[in-house]
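Breakdown of the fold
One-letter residues, chain by chain:
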Amino acid sequence: MSTSYGTGRRKNAIAKVWVKPGTGKITVNNKDVKEYFPRGTHVDHLVAPIEAASLTGKMDIKVTALGGGMTGQSGAIRMGIARALGKRDEALKVIMAKGGFLTRDDRMVERKKYGRAKARRSFQFSKR
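Heads up: these notes are all about the structure in this document. (Residues numbered from 1 in each chain as written. Predicted model: local features only at pLDDT ≥ 70, side-chain atom pairs only at ≥ 80, totals over all residues. Heavy atoms only, no water.)

To continue, consider the sheet that holds strand β5 (residues 59-66). Taken in spatial order, the five strands line up as β1-β2-β5-β3-β4 in an open sheet, and their pairing is mixed. A single partner strand is all that each edge strand has here, and the edge strands are β1 (4-10) and β4 (31-32). In this sheet, β4 lies alongside strand β3 (residues 26-28) in antiparallel orientation, the contact comprising two bridges. Bridge pairing in β4 places Val28 opposite Lys31. The strands touched by helix α3 (residues 70-88) within the sheet are β1, β2 (13-21), β3 and β5, with β1 carrying the most contacts at an inclination of about 145 degrees. (Pairing = 2+ DSSP bridges. Helix = DSSP H or I, 4+ residues; strand = E, 2+ residues; numbered from the N terminus. Contact = heavy atoms within 4.5 Å. Axes fitted to C-alpha atoms, helices over the stretch in contact; angles between N-to-C directions.)

Given a rise of 1.5 Å per residue, 13 residues ought to cover 18 Å, and the 18 Å separating the end C-alpha atoms of helix α2 (residues 40-52) matches this to within 8%. Buried within α2 we find His42, Val43, Leu46, Val47, Ala48, Pro49 and Ile50. Phi turns positive, to about 55 degrees, at Ser54, one or two residues after α2. (Expected span 1.5 Å × (residues − 1). Buried < 20%, exposed > 50% of the residue type's maximum accessible area, 1.4 Å probe, protein only.)

Where α3 contacts helix α4 (residues 90-99), the axes come no closer than 5 Å and their chain directions differ by 150 degrees. Contact with α3, carried on its side by Ala82, Leu85 and Gly86, involves Glu90, Leu92, Lys93 and Met96 of α4 and no other residues of that element. Looking at side-chain class alone, the contact of α3 with α4 contains four nonpolar, one polar and two charged residues. (Nonpolar A, V, L, I, M, F, W, Y, C, P; charged D, E, K, R; others polar.)

This brings us to unusual backbone geometry. Positive phi, close to 50 degrees, is recorded for Lys11, a residue that is not glycine. Along the chain, the position of Lys11 falls in the loop between β1 and β2.

A word on the nonpolar core. The biggest cluster of nonpolar side chains holds 29 residues, and the ones touching the most others in it are Val28, Phe37, Ile61, Val63, Ile77 and Ile81. Breaking this core down by element, the ones donating at least two residues are β2, β3, α1 (33-36), α2, β5, α3 and α4. In terms of residues, this core owes the most to one element, α3, which gives six residues. Filtering out sequence-adjacent residues up to four positions away, Val28 remains in contact with Val33, Tyr36, Phe37, Val63, Ala65 and Ile77. (Core = buried A, V, L, I, M, F, W, Y, C linked by side-chain atoms within 4.5 Å.)

Throughout the structure, instances matching the rule amount to two aromatic pairs. Judged by centre distance (5.2 Å) and plane angle (50 degrees), the ring pair of Tyr5 and Trp18 falls under tilted. Pair noted here: Tyr5 is in strand β1 and Trp18 is in strand β2, with a separation of 13 residues, a long-range link. The class of Trp18 is partly exposed, set by a relative accessible area of 30%. Between Tyr36 and Phe37 the ring centres are 5.0 Å apart and the planes differ by 85 degrees, which places this aromatic pair in the edge-to-face class. You can call Phe37 buried: its relative accessible area is 1%. When the ring centre of Trp18 is taken as reference, the NZ or CZ atom of Lys62 above it lies at 5.3 Å. (Phe/Tyr/Trp six-rings, centres within 6.5 Å; stacked < 30°, edge-to-face > 60°. Lys NZ or Arg CZ within 6 Å of the ring centre and 35° of its normal.)

Pasting the structure below:
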């Protein structure tokens, strides 16, 4: 099994991730990961499962990210990488589970309610 696949989701973002042995090159939507994510925190966040598995610089990762924003996409990619690594090796699956990388973050944006400015914020009150 040379290439493994994993799907990650967070908020409204979906990431399709392919992992194969290589030199450590990460591409997101045909761009380098540092070019696609301008913030270093997003890159650090999505690389965490690779570092936990001690595979830094040993795997090439190709990602197709859809929907959501930057934070949602980086979280989805993180989960996709963890799932793909878990499929490669049962020992890695245990490491990913202990690190909490396989748990889906189910927090979503709360819907706006009628009679309110946003989900919970009321309209400005005027006494006079």
